[in-house]
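Architecture and fold: a report
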Amino acid sequence: MTITPITIAFFIMAAFTLGGSLGVVTNRNLFHAALYLVLALFGVAGLFVLLEAPFLAAVQVLVYVGAIAVLITITIMVTRRIMGVTESVNRQWPLAAGVSAIMAITLGFVVLDRFAGKLPVAAVPGDNIVRLGEALVNYDAYLVPFEVASVLLLAAMIGAIVVARE
Amino acid sequence: MIDFLTLTIEAAIKAALMILSLLTGFAYTTLLERRFIARIQQRVGPNRAGPWGLLQPAADGIKVIFKEDIIPNGADKVIFTLAPALTAIPALIILAVVPLGGDVNVFGYRTSLALTSTNVGVLYILAVTSISVYGITLAGWSSANKYAMLGGLRSTAQMISYELAMGLSILAPVMVVGSMSLADIIDAQKNVWLVVYQPIAGLIFIITMYAETNRAPFDLPEAEQELTAGFHTEYSGMKFAAFYMAEYMKMIGVSVIAATLFFGGYRLFGLENLLGGWMGPVILIGKVMLSLLLFVWIRATLPRFRYDRLMDFGWKVLLPIALANAAITAVLVVLDPWWYRLI
């Protein structure tokens, strides 16, 4: 393997992602764990940039770093009790370990099955954003999943409003 | 490899120049604010350091560097130190995708006056504004001070609420132009500024940019009566200065973005082509100066919002109007009626 600036950048971003994830699960201070999560999410955004997918990178930062992680941080800030927790596992850890293992095996299988030995993938020709936008409204492409996801989000939003009203 | 090296050096020079001009801009915006507010309030303002007080920012800088740097006992030291840096970084990088002028020749080397051009420029701006809440939140949390904590929480809630309306108001020009690249958006305003097509979106953007920079009348995170100094209560010395630096650089940043999205960017009736293209940045600086004067003028004129009114205004007034404006714009762009292209 030849070392190019891109490879170096890839390893830095991969280190951010993996190191951040490790920090999330090993840190006992919940607030620090949340900040490690932000680092890991940034690493993923960097990987998207290296894959020439600037749209996904920007959305990754906008949605995950700028919205979801901020909400997690605020939740921790306003929940005083949470900060005092010292043990890093609770009684349900065997269940969580089982679910995580199944997820890891499934995802690993899909990735290895689809992509092993097929790298590097050539860049998508043309304007990424235009193609993505067209794919989201094309019946043969992703119209149905897109609409289903929209309905799901709408239902979650209405549900949140109903819960907040009660 | 040589090509890669040239590109890297070019980007590094541009980045250094951009950071230098933002820092200079920050220093002189503080002077502009103090002098202009003094004028409004029938005072003199700082005029002793250098002619017309022009050396005042340098004097302030020297003073702040030699101040004692205090870290409170109960503070989370790492995050307490990290927070000012995390506040300043988004303010420094937000203009990376904005074209500050057309193409110019520098010693026979033709280059564009933009650090980089990307087809997702608008999204980049939204992403950077969305991460700029971290610095303030972390500063509030790590200070181990109830005023700082409350100030940090308030500021986070405010920025998240107003980001929605801001994002929707940016969506309107993107739909009209049909591109998320800021260069395309500026080119589309050769003849008519987008604020003419999108007056409501322009107004909402201007209102939300005051909230995003935590400036009056939305400066609740640092409301003195209730919160002493809000999230930066415990900060001193250079760390304190970093928060102010971020605030003023953000003011410059959002002014440039407002000018770019709604007021023609660096273009002004073709005048930007004078002096071999160097007139473009000058025009942009002029527009930014006007916007900064408006920032100061509003601070000197309007009282502060009450907190519940601020949240109500964001969620119950700005957001519905911005949503309706985005929906109507979408319909108009698709239908494209003859009268819509005329204005």
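None of the values given here were measured: they were computed from a predicted structure.

Before going further, it helps to examine the overall build of chain B. A tally of helices and strands in chain B yields 14 helices and two strands. Computed over its C-alpha atoms, the radius of gyration of chain B comes to 21 Å, within 12% of the 20 Å expected for a compact globule of 343 residues. Look at the contacts in chain B between residues 6 or more apart in sequence, and 77% of them connect residues 24 or more apart.

Turning to the overall build of chain A, a few remarks are in order. If you tally the helices and strands in chain A, you get six helices and zero strands. Helices and strands appear in chain A in the N-to-C order α-α-α-α-α-α. The buried share of chain A, taken over its 166 residues, is 14%. Considering only intrachain contacts with a sequence separation of at least 6, the fraction spanning at least 24 residues in chain A is 52%.

This brings us to the interface of chain A and chain B. Accessible area lost on assembly of the parts is the figure often given for the size of an interface. Opposite the 17 residues of chain A that make contact, chain B presents 17 residues. At 13 residues, helix α3 (residues 54-78) of chain A tops the list of elements feeding residues into the side of chain A that touches chain B. Grouping the amino acids of the side of chain A that touches chain B by side-chain chemistry returns 14 nonpolar, two polar and one charged.

Moving on, we get to the nonpolar core. With 103 residues, the main nonpolar core has Leu41 of chain A together with Val122, Leu123, Ala127 and Met249 of chain B as its most contacted residues. The dominant element in this core, judged by the number of residues it contributes, is helix α11 (residues 237-262) of chain B, at 15 residues. Filtering out sequence-adjacent residues up to four positions away, Leu41 of chain A remains in contact with Gln60, Tyr64, Val65 and Ala69 of chain A.

This part covers the environment of Arg34 of chain B. Residues and elements named next belong to chain B. Of note, Arg34 is situated in helix α1 (residues 2-40). Here Arg34 falls in the partly exposed class, since 19 other C-beta atoms lie within 10 Å of it. Spatially, the C-alpha atom of Arg34 lies 8.7 Å from that of Val296, the residues being 262 residues apart in sequence. Each residue touching Arg34, except ones within four places of it in the same chain, is listed here: Gly45 and Pro46.

Residue and element names in this part refer to chain A. Its 21 residues give helix α2 (residues 30-50) an end-to-end C-alpha distance of 31 Å, which sits within 8% of 30 Å, the value for a rise of 1.5 Å per residue. Along α2, the positions that sit buried rather than exposed are Leu35, Leu37, Val38, Ala40, Leu41, Phe42, Gly43, Val44, Ala45 and Gly46. Turning to α2, the residues buried within the fold contact α1 (5-26) and α3. Where α2 terminates, the next one or two residues include Glu52, which has phi positive at roughly 60°.

A few words now on the packing of helix α5 (residues 133-142) of chain B against helix α6 (residues 146-177) of chain B. Residue and element names in this part refer to chain B. Across the interface, α5 lies against α6 with an axial gap of 7 Å and an inter-helix angle of 160°. In terms of orientation, α5 and α6 fall into the roughly antiparallel class. Taken as a pair, α5 and α6 cross one another with a handedness that is left-handed. Residues Val133, Ile136, Thr137, Ala139, Gly140 and Trp141 of α5 pack against Ala148, Met149, Gly151, Gly152, Leu153, Ser155, Thr156, Met159 and Ile160 of α6. Split by residue class, the contact of α5 with α6 holds nine nonpolar, six polar and no charged.

The next subject is the packing of α6 of chain B against helix α13 (residues 307-335) of chain B. All names here are of chain B. The contact between α6 and α13 brings their axes to 9 Å, and the two run at 15°. Taken together, the axes of α6 and α13 lie roughly parallel to each other. Handedness of the crossing formed by α6 with α13: left-handed.

Residues and elements named next belong to chain B. Within the chain, Gln42 stands out as a residue other than glycine whose phi angle is a positive 60°. Mapped onto the secondary structure, Gln42 falls in the loop between α1 and α2 (56-65). One non-glycine residue, Asn214, lies in positive phi territory at about 55°. For Asn214, the position within the fold is in the loop between α9 (199-212) and α10 (224-227).

A separate point is the domain arrangement of chain A. Examined at the domain level, chain A breaks down into domain 1 (1-86) and domain 2 (123-166). Centre-to-centre, using C-alpha coordinates, domain 1 of chain A lies 24 Å away from domain 2 of chain A.

In this section: helix α6 (residues 143-165) of chain A. Residue pairs spaced three or four apart in an α-helix point in one direction, given the helix's 3.6 residues per turn. For α6 of chain A, which comprises 23 residues, the first-to-last C-alpha distance of 33 Å matches the rise-based estimate of 33 Å (1.5 Å per residue) to within 8%. For α6 of chain A, the buried fraction is low: zero of the 23 residues fall into the buried class.

So, about the environment of Asn29 of chain A. Residue and element names in this part refer to chain A. Considering the arrangement of structural elements, one finds Asn29 in the loop between α1 and α2. Using a count of 15 C-beta atoms within 10 Å as the deciding quantity, one classes Asn29 as partly exposed. The sequence separation of Asn29 and Val99 amounts to 70 residues, and the corresponding C-alpha distance is 24 Å.

Mean pLDDT over chain A works out to 84, with 88% of the residues at or above the 70 mark. Element-level mean pLDDT values for chain A span from 81 in helix α5 (residues 128-137) of chain A up to 91 in α6 of chain A.

What follows is about the environment of Val78 of chain A. In this fold, Val78 of chain A is placed in helix α3. On the basis of neighbour counts, which here come to 10 C-beta atoms within 10 Å, the residue Val78 of chain A falls in the exposed class.

Rules behind the numbers
- The numbers attached to residues start from 1 for each chain and follow its sequence in the written order.
- Chain A is the first chain written and ligand 1 is the first ligand written, with later ones labelled in order.
- Restriction of local features to residues with pLDDT of at least 70 applies here, the model being predicted, together with a cutoff of 80 or more for giving and counting side-chain atom pairs; totals for whole chains, interfaces and linings are based on all residues.
- Secondary structure elements follow DSSP: runs of H or I of four or more residues count as helices, runs of E of two or more count as strands, with numbering from the N terminus.
- Throughout, radius of gyration means the C-alpha value; the globule benchmark is 2.2 Å times the number of residues raised to the power 0.38.
- C-beta atoms are placed from the backbone for every residue, and two residues are taken to be in contact when these atoms lie within 7 Å.
- Backbone-placed C-beta atoms define the burial measure: a residue is buried with 20 or more other C-beta atoms within 10 Å of its own, exposed with 12 or fewer, and partly exposed in between.
- Amino acids outside the nonpolar list (Ala, Val, Leu, Ile, Met, Phe, Trp, Tyr, Cys, Pro) and the charged list (Asp, Glu, Lys, Arg) are all regarded as polar, and Gly is one of them.
- Each nonpolar core reported here comprises buried Ala, Val, Leu, Ile, Met, Phe, Trp, Tyr and Cys residues connected via C-beta atoms within 7 Å.
- Multiplying one less than the number of residues by 1.5 Å gives the expected span of a helix.
- Note on geometry: axes are C-alpha line fits, over the in-contact stretch for helices, and angles between N-to-C directions span 0 to 180 degrees.
- Here the angle decides the label: under 35 degrees means roughly parallel, over 145 means roughly antiparallel, 65 to 115 means roughly perpendicular, and every other value means oblique.
- Each crossing gets its handedness from the near helix: less than a right angle anticlockwise from the far helix is left-handed, clockwise is right-handed.
- These domain boundaries are the output of an automatic or database domain assignment.
- The predictor's confidence in any single residue is recorded as pLDDT, a number from 0 to 100.

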